[in-house]
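# Report on the structure
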Amino acid sequence: MQKKMWLSLFLFLVIPGLLFTVSCAKKTVKPDASLTQEAEAEAARLAAQKAKEDEIAKQRAIKEERLTEENAKIAAKEQFLNKDIYFEFDKSSLLPTAQDILSDKAKWMRDNPDVSVTVEGHCDERGTIEYNLALGDRRAESARSFLIDLGVLSTRLKTISYGEECPTDPGHNQEAWAKNRRAHFVIE
Amino acid sequence: MNKTNIKIICLLLFASFIIRHSACFAETGEAGGHDYIDISNPFIRKIPIAILSFKNVSGTIAETDQSLKTSKLLSETLEFTGYFKMIDSGAFLVNSKEAGITAQNINFRKWTDIGSELLITGGFFLKDNVIEMELRLFDTFKEHLLIGKRYHGLADDKRKIIRLFCSEVIYQLTGNRGIFNSKIAFVSTSTGNKEIYVCDFDGYNAKQLTHTKSITLSPAWSSDGKWIAYTSYAKGKPDLYIRHIKEKHGALVDKQGINISPAWVPGQFALAATLSFSGDPEIYLLTGTGKVIKNLTRNWGIDVSPAWSPDGKNMAFVSKRSGTPQIHIMDMDSGHVKRLTFEGRYNTSPSWSPKGDRIAFAAMNNGAFNIKVIGIDGNGLVQLTHDAGDNESPSWAPDGTIIAFSSTREGIYRIYVMTADGTDQRRLLSLPGEQTSPKWSLGIVNNK
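Scope of this entry: the structure provided in the associated data block.

Conventions used here
- Residues numbered from 1 in each chain as written.
- Chains lettered and ligands numbered in written order.
- Predicted model: local features only at pLDDT ≥ 70, side-chain atom pairs only at ≥ 80, totals over all residues.
- Heavy atoms only, no water.
- Helix = DSSP H or I, 4+ residues; strand = E, 2+ residues; numbered from the N terminus.
- Buried < 20%, exposed > 50% of the residue type's maximum accessible area, 1.4 Å probe, protein only.
- Pairing = 2+ DSSP bridges.
- Phe/Tyr/Trp six-rings, centres within 6.5 Å; stacked < 30°, edge-to-face > 60°.
- Lys NZ or Arg CZ within 6 Å of the ring centre and 35° of its normal.
- Contact = heavy atoms within 4.5 Å.
- Buried area = accessible area lost by both parts, 1.4 Å probe.
- Salt bridge = Lys/Arg side-chain N within 4 Å of Asp/Glu carboxyl O.
- Polar contact = N/O pair within 3.5 Å; in protein donor to acceptor, adjacent residues only side chain to side chain.

Residue and element names in this part refer to chain B. Even without being a glycine, N129 presents a positive backbone phi close to 70°. The residue N129 is located in the loop between β5 (118-127) and β6 (130-139) in this model. Here D387, not a glycine, exhibits a phi torsion of approximately 45°, which is positive. Here D387 shows up in the loop between β26 (382-383) and β27 (391-396). Here D387 falls in the exposed class, since its relative accessible area comes to 82%.

Next comes the structure, spelled out in structure tokens:
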């Protein structure tokens, strides 16, 4: 009976020791298998990390893209609002540069179908107040018609003439006059 | 209260109601005789006139002071008309204090010797803020009285009295009632915004009519002077307002586009104006309540600035139908349109002379604007302003002898007047800011 106990004890103490030895022995005896396993784990870990990093990068990229898109939208809107078209003295016909700008504006209005716009017609200070009110009306109407021809709904476009009443440049010279003979675009 | 006080109060009450004037002298003016000045002649010869300082009845300091101011006012008012050459008192051969003021005591030779063809004398009495004036106009060569008038009123009424007398003088000499009761509407930026103002014919008594705190433009008088139409951005866009000046009611024309450049049809409660609700600026006939009666023009491109002939049978306007803004005339019966101006590439702002024979307008040549006048048959084109900034918006006085206009000759836009042949150009009034678009009313405007 006592023998059995000793055996048990032996087994209890030694076998784990053996096991331990085995496991250590394993390391030394079967080095290939254990290395592979570890590398795999490491690789998985790295992969996971990379995936995470990629994900973060992707997120960042998306965010950046969104920001850029938003910036571009803002820039496009600003360009729409800030870029006036200019006219020759006593003329309401559209110059080629004005037509290019209007094409951009038409595109922007097609991209932003909810927006309604008022086209302001302006003149330089030379000439009669009444005649310039009519000329400003013609200028705004020229720009409006062009946008309608490029597919913008007419109901989205209003005009207002300010004649010579609201110069953007208060000067009394050719340079100022050229800047003041304009159509300006305002979002309602 | 003693008798004198009661008398004065009664007199004051009476004076405050009315300025009495009467030709109650023994001497009487010669009937007819309106041939001193031919106002149809575009080059009027100025008549030399002497104005003697008024004789003071009581000689108090206050009376002397008022008397001097009033005779100066008389001199300025007559000079304004452009008919007279005022003779300097330094040239007088008689002592002002001793000179007679009635025909019996005037030595007419002393006046004809200095070249004076007309003489005005006055007697001035001031007591307790009540003035009494005797004013006489003499023909010094014929040695007789043309006009003799006596006026009573409050001291504050002296400008009114002087105008009444001047009106008589002008009527006596020309057969025309003149401009003394007319008014001028104009645009001023005195408040920082363009608003409509109204002043007397001589620039005196300027008052702000609109308070839109916005851009307000192009005043136009109805024939009776009771209504003014104008364009204002008060509601954000150029709308046409038709307003009874005294009763402050009226109509609004606020169609899509521009609602601008009103011009009342002579003698009617109707007006022409440019509207662009069709997509193109056309001239329409409107009722005084702002309803569209009909199209007057039907032509692609700008049609603007209607101006009626005094009989209402023709309408001048600006059209770009030939490529540049030019003045055209429409016969209202036939609807036939003829082009009036051919010289230059920019002729705008027509104003029809009260006699109906000529049209004043603003023309641009070599970058500068000047006032020109042309016969309605297209002949007799004359330039009235030269080398003095930009000159725009001519408007005839109701007697056709003076033209008001705006000019930048002293820097910013201000209002000036000149005779119809372009002489005697002078600033009409001094207000803060810029003044533009003068519009002379017809004849009598009484909005009191």
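There is more to say after this.
With that settled, consider the pairing of strand β16 (residues 270-275) of chain B. All names here are of chain B. Counting buried positions along β16 yields 6 of 6 residues, so the element is predominantly enclosed. Neither face of β16 is open: one carries A270, A272 and T274, the other L271, A273 and L275, and all of them are buried. As defined by bridge partners, strand β15 (residues 259-264) adjoins β16 across 4 bridges and the pair is classed as antiparallel. By the bridge assignment for β16, I260 is matched with T274.

The full count for this structure, using the stated rule, is 20 aromatic pairs over all chains. Ring geometry for B:F80 versus B:F201: centroids 5.5 Å apart, planes at 80°, classification edge-to-face. Taken together, the positions of B:F80 in helix α2 (residues 61-80) and B:F201 in the loop between β9 (195-200) and β10 (207-208) put the pair 121 residues apart, joining distant regions of the chain. The residues B:F80 and B:F201 share a single accessibility class, namely buried. Between the aromatic rings of B:Y83 and B:F84, the centroid separation amounts to 6.2 Å while the plane-to-plane angle is 80°, which identifies the pairing as edge-to-face. Overall, B:Y83 belongs to the buried group, its relative accessible area being 1%. A connected cluster of aromatic rings, assembled from ring pairs, spans A:F89, A:Y131, B:Y346 and B:F369. Positioned above the aromatic ring of A:F80 is the side chain of A:K105, whose terminal nitrogen or guanidinium carbon lies 5.0 Å from the ring centre.

What follows concerns the interface of chain B and chain A. Taken residue by residue, the interface counts 33 residues in chain B and 24 residues in chain A. Roughly 2200 Å² is buried in total at the junction of chain B and chain A, and carbon and sulfur atoms are behind 59% of that figure. The largest share of the area that chain B buries against chain A comes from B:Y233, B:I302 and B:Y346, three residues that together contribute 21% of it. In this assembly, chain B and chain A are joined by 3 salt bridges. Between A:D90 and B:K320 there is a salt bridge, with the nearest N and O atoms lying 3.5 Å from each other. Counting the contacts that link chain B with chain A gives 9 residue pairs in polar contact (both at pLDDT 80 or more). Looking at the side of chain B that touches chain A, the elements with two or more residues in it are β11 (216-221), β15, β19 (303-308), β23 (347-352) and β31 (435-440) of chain B.

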